[in-house]
Amino acid sequence: MSSQNQALAEAFKSIREFLTAQQARLYILEKRTNNLEEEQINRIENISENLKQQLIKFDVVHKKQFENLKQGHFDVLEGLKNLEVQGESRFNLLEPQIKNLEQGQKRFDNLEQKIKELEQGQIAIINERLNHFEPILHRFSDLETKLKNTELITQKMAKVLPNAIREATIQQFNPKTTSFKYEKTGLTDSLQEPVEHCLRQSVREDTSFFADILFPVMGPAIRKSINESLKNIVQSINKTAELSISPQGLAWRVQAWRSGQSFSEIVLQKTLLYRVEQVFLIHRETGLLIQHLHQEGVEIGDSDAVSAMFTAIQDFILDSFSSSKTEELNSVEIGDYTVWLERGPYATLACVIRGAAPPNFRDLMHVMLETLHAHYGLLLKKFDGDSQPLEPCLPLLEQTLQSEAKSDAKSSRFFSIPLIGILSVILLTLLGWGYFNFEYQQRLTNYINALQKTPGIVVVSTKYQDGKFIIFGMRDPLSAEPQKITQHYELSDDVETFWTPYQDLTPQFVEQRIHQQLVPPSTVSIHLQDHILYLKGYASQDWINKAQALQIAEVHKVVIDELLETEQFLLALAQLELAPPESVTMIVQKRILRIAGNVDSSTFKALQKGIENLPKSSEEFAGFETSGLKDVEREMDDVIKYIEKTRLYFYQGTTELMPDQKKTKQALQKSAQKLLVLTQILHKQIQIHIIGNADGIGSKHRNQQLSQQRAEWVFNWLQSFGIEKRLMIITSPALIRFNENEPNPNDRNVSFQIKD
Amino acid sequence: MAIIQKKICMIGDFSVGKTSLVGRFVRQSFSEKYLTTVGVKIDTKLVKLTENQDVKLILWDIAGGDALTTTTASYLRGAAGFLLVIDGTRLPTWKNALNLRQAVTEKIGEKPFVMLLNKADLEEKWEITPPIIDEKIQLGWTILKTSAKTGMNVEEAFFKLATQMLKK
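Residues numbered from 1 in each chain as written. Chains lettered and ligands numbered in written order. Predicted model: local features only at pLDDT ≥ 70, side-chain atom pairs only at ≥ 80, totals over all residues. Heavy atoms only, no water.

Draft legend 1. The interface of chain B and chain A, seen in detail. With 18 residues of chain B at the interface, the matching set in chain A holds 20 residues. Taking both sides of the interface into account, the surface hidden between chain B and chain A amounts to around 1700 Å²; carbon and sulfur atoms contribute 51%. On the chain B side of the interface with chain A, the three residues burying the most area are Gln5(B), Ile42(B) and Arg77(B), jointly 34% of the side's total. We note a salt bridge from Asp315(A) to Arg77(B), for which the minimum N-O separation is 2.5 Å. There are eight residue pairs in polar contact (both at pLDDT 80 or more) connecting chain B and chain A. Top element by residues in the side of chain B that touches chain A is strand β1 (residues 3–12) of chain B. It accounts for five residues. The residue inventory of the side of chain B that touches chain A, partitioned by class, reads eight nonpolar, six polar and four charged. (Contact = heavy atoms within 4.5 Å. Buried area = accessible area lost by both parts, 1.4 Å probe. Salt bridge = Lys/Arg side-chain N within 4 Å of Asp/Glu carboxyl O. Polar contact = N/O pair within 3.5 Å; in protein donor to acceptor, adjacent residues only side chain to side chain. Helix = DSSP H or I, 4+ residues; strand = E, 2+ residues; numbered from the N terminus. Nonpolar A, V, L, I, M, F, W, Y, C, P; charged D, E, K, R; others polar.)

Right, here's the structure in full:
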């Protein structure tokens, strides 16, 4: 046991010694490490840091192990007596730990070796580097002295600067070396400000110097500017004149007044509609087309030829018209198109514009061309037919087209409101004119038709001459008056007619001509059939003779079977209408109907009435003579009444007539004779009753006798002048008066009664 | 494939057939009618030189004359080459052509050109004889007998000039 413990103690001791030795060596190592060059410190520090870490680790492990061993030693010391087997096993546990320690030792050795190697390598490198730096340092101090020498630098810069600027220009403008963008870092932009300052200062110091330089330029420039301005003024005046009276024009005037701009400016702003349809970038020297752009849908020809032609035209103009070789072609007018040309030193920009572009578009072109020259001047100058390197121009050029997109939209409103107004007025006028013209033509056609349809008018030809419609034709003088037809169609002012007279042979016109020639009275009717003229009615003998002698075209024969001489006709008419008895005679003389005869009352009345109904006019009856017509029946009645009223008075007591009865007696005789004639005419049977009367003086008998005697006396007397006996009868008085004292001469009479 | 544009001028005396050559070359047509060119007439034609090289020839058919006028001279500006046309049947046109070439060179510098002895269809009437021609061939000039009427060598002439211009 004790030997074992001793062995352990020795082992510990040796370990301790080992550890102290190690620590001492480490210290030395650390010192040496600290002595390394400053330049190597970082590296070394890293390593030493590493080493430290390792050491710490190692220390920890070592301390742990030591602690463990210590613990184990105490345990062993305490438990040795009781635990022999346990002690052995613990020794077994210690063994690998020792092995570990040995391995740690080995690793440490290795590390040390490596540090040494590293140390040596690094020093070699540092030395080498220092050797390298030494000459550089010398050169650097040389340079420093040289830099301080301004004169030398100026000399050298003078040699380099032109090349440098050229290089910078190439770099800036060569799209292959830049990113195709024009940044503010370009040479131009860098120089812009100093150059501006220089110029400004130079001008400030000596104005006349620049004036001399600019002199040859100013003249043409001013001339050009004035020309442009004049063109603009003319353009704006034209527009102003167009718009000054429209409502829009008035609105713009208000706007001009409010905004303080001139009216022409407003008009220019509002009205200039244009579209840049094609843009040509043309190489100035060769006339070759560098780039060409056009609006979509624009028809393009051979743009290369166009480009060359533009150049040729410019050359031609320059050679032919410009004496000083400074005036150049600025625009070309081709129908609706205007080509505007702007020239730079190497390239010409040609814009094909439809419509009227505003003058400031030229400014845009000018700026565009300047920009193109600024960015691609060298490429433009060296252009030899290959346009690919200049493709980056396209986006710039496109602006010329793009800037027109707005105005394109404007121009798409093709019909402006005033235009619509004007168009509608024109349309309405046209419609109106069209309608009136149509109406006029219609009227003319109807008029011609009407003329054609008019019998006796034949339209042969028509024509327009000196704004008049002229009609040539033939006309029967009997036809309707054409002037009236013209008036009816309200064409008197527009139409002139020329008529050649002719005879229309249609029956209508033949009949008219017959009428004109014969002037038939209204009592004659005319009928023409198959060239035979039928005359009906009645007329004077003279007229009938005239009609029979008629000579007229288309009338071959005149038939007058039914035509009567007027008086014949009238007599026949009277006979027909009155149908008088045979006792009545009628004649017509000078259209007067003379009627005579004895008729009874009824016939008389009928005839009277019939005569009243006979027509009386200038062509018919002129009058009626009826005095010869007698109503015998009435006459007879009158006679009978007269006779029955008549008394024959006698002397007293006698059959002797009173002396004053002579006239009565004669009248009575006439009446009796007339009565007799009338009864014969009327075929009437009458009886004359003769009644004798006496006054009351005397006896009844005597008076009866006297009455009889007186009646017989009258009877005989009547018989004595032809009154037949059988027509008379003596009739007794109704009363025989007698034995009266007073004589009454009135009663001493004879009276009559006539009975059928 | 890039298209290169080149300006070519037709140079020669009156009535040597410049316009006819262009007409034959561009439109494959020929007319016996003589129409004098006033000023300049421009045509274009695309010529395929190689599989990868097209050249667009801008042909400036300049009014003919025995000497350069101011206007004619300005039309030459920027030309990459020219065709010197001679009427084989008229000796003076040969002499004028030589003067014209000289004038053109003075104006635009040495440029490739091809000399065309035109009207080869009338060779029996030619006044220009082989010795004169040979003399110039010795100098390295490209000389071709052409006929705008038959089309002989017309394509070749333009093709040759185009090739020469591109080589430069």
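From this point, the narrative continues.
Draft legend 2. Up close: the domain arrangement of chain A. Assigned domains within chain A: domain 1 (2–145), domain 2 (209–414), domain 3 (419–501), domain 4 (507–567) and domain 5 (646–755). Each of domain 1 of chain A and domain 4 of chain A was reduced to a C-alpha centroid, and the two centroids are 178 Å apart. (Domains from an automatic or database assignment.)

Draft legend 3. Here's a closer look at the sheet that holds strand β9 (residues 524–529) of chain A. Residues and elements named next belong to chain A. Strand order in this open sheet of three strands is β9-β10-β11, and the pairing throughout is mixed. Every interior strand has two partners, whereas the edge strands, β9 and β11 (557–565), have only one. Each adjacent strand pair in this sheet contributes to an overall mean axis angle of 10 degrees, direction not counted. Contacts between helix α16 (residues 541–548) and the sheet are confined to β9, β10 (532–539) and β11, with β11 contributing the most and set at about 170 degrees to the helix. Seen against the sheet, helix α17 (residues 566–578) touches β10 and β11 and runs at an angle of roughly 50 degrees to β11. (Pairing = 2+ DSSP bridges. Axes fitted to C-alpha atoms, helices over the stretch in contact; angles between N-to-C directions.)

Draft legend 4. Layout of the environment of Gln40(A). All names here are of chain A. Tracing the backbone shows Gln40 in the loop between α1 (2–34) and α2 (41–79). For the pair Gln40 and Leu289, spaced 249 residues apart in sequence, the C-alpha to C-alpha distance is 69 Å. Not counting chain neighbours up to four residues away, the residues in contact with Gln40 comprise Gln122 and Ile126.

Draft legend 5. Layout of the packing of aromatic side chains. Applying the stated criterion across every chain, the model contains 15 aromatic pairs over all chains. When the ring of Phe280(A) is compared with that of Phe310(A), the centres are 5.6 Å apart and the planes differ by 85 degrees; the resulting orientation is edge-to-face. In this pair, Phe280(A) is assigned in strand β1 (residues 274–283) and Phe310(A) in helix α9 (residues 303–321), connecting sequence segments 30 residues apart. Assessed through its relative accessible area of 8%, Phe310(A) is described here as buried. Counting every residue linked through ring pairs, the aromatic cluster contains Phe650(A), Trp713(A), Trp717(A) and Phe721(A). Taking the ring centre of Trp340(A) as reference, the NZ or CZ of Arg362(A) above it sits at 4.8 Å. Directly above the aromatic system of Trp60(B) lies the positively charged group of Lys7(B), at a separation of 3.6 Å from the ring centroid. (Phe/Tyr/Trp six-rings, centres within 6.5 Å; stacked < 30°, edge-to-face > 60°. Buried < 20%, exposed > 50% of the residue type's maximum accessible area, 1.4 Å probe, protein only. Lys NZ or Arg CZ within 6 Å of the ring centre and 35° of its normal.)

Draft legend 6. Spotlight on the nonpolar core. In terms of nonpolar packing, the biggest core is built from 56 residues, with Leu281(A), Leu349(A), Phe361(A), Leu372(A), Ile11(B) and Trp60(B) touching the most fellow members. Tallying contributions element by element places helix α10 (residues 359–381) of chain A first for this core, with seven residues. Excluding residues within four positions of it along the chain, Leu349(A) makes contact with Val279(A), Phe280(A), Leu281(A), Trp340(A), Leu341(A), Glu342(A), Met365(A), Met368(A), Leu369(A) and Leu397(A). Core analysis: the next-biggest nonpolar cluster, separate from the first, contains 29 residues, Leu675(A), Leu682(A), Ile688(A) and Phe715(A) among them. (Core = buried A, V, L, I, M, F, W, Y, C linked by side-chain atoms within 4.5 Å.)

Draft legend 7. Highlighting the sheet that holds strand β5 (residues 113–118) of chain B. Residue and element names in this part refer to chain B. Read from one edge to the other, the open sheet built from six strands follows the order β2-β3-β1-β4-β5-β6, with strand pairing classed as mixed. One side of each edge strand has no neighbouring strand; the edge strands of this open sheet are β2 (40–50) and β6 (143–145). Going across the sheet, the axis of each strand differs from the next one's by a mean of 25 degrees, ignoring polarity. Looking at chain direction, β1 and strand β3 (residues 53–62) are connected through eight bridges and run parallel.

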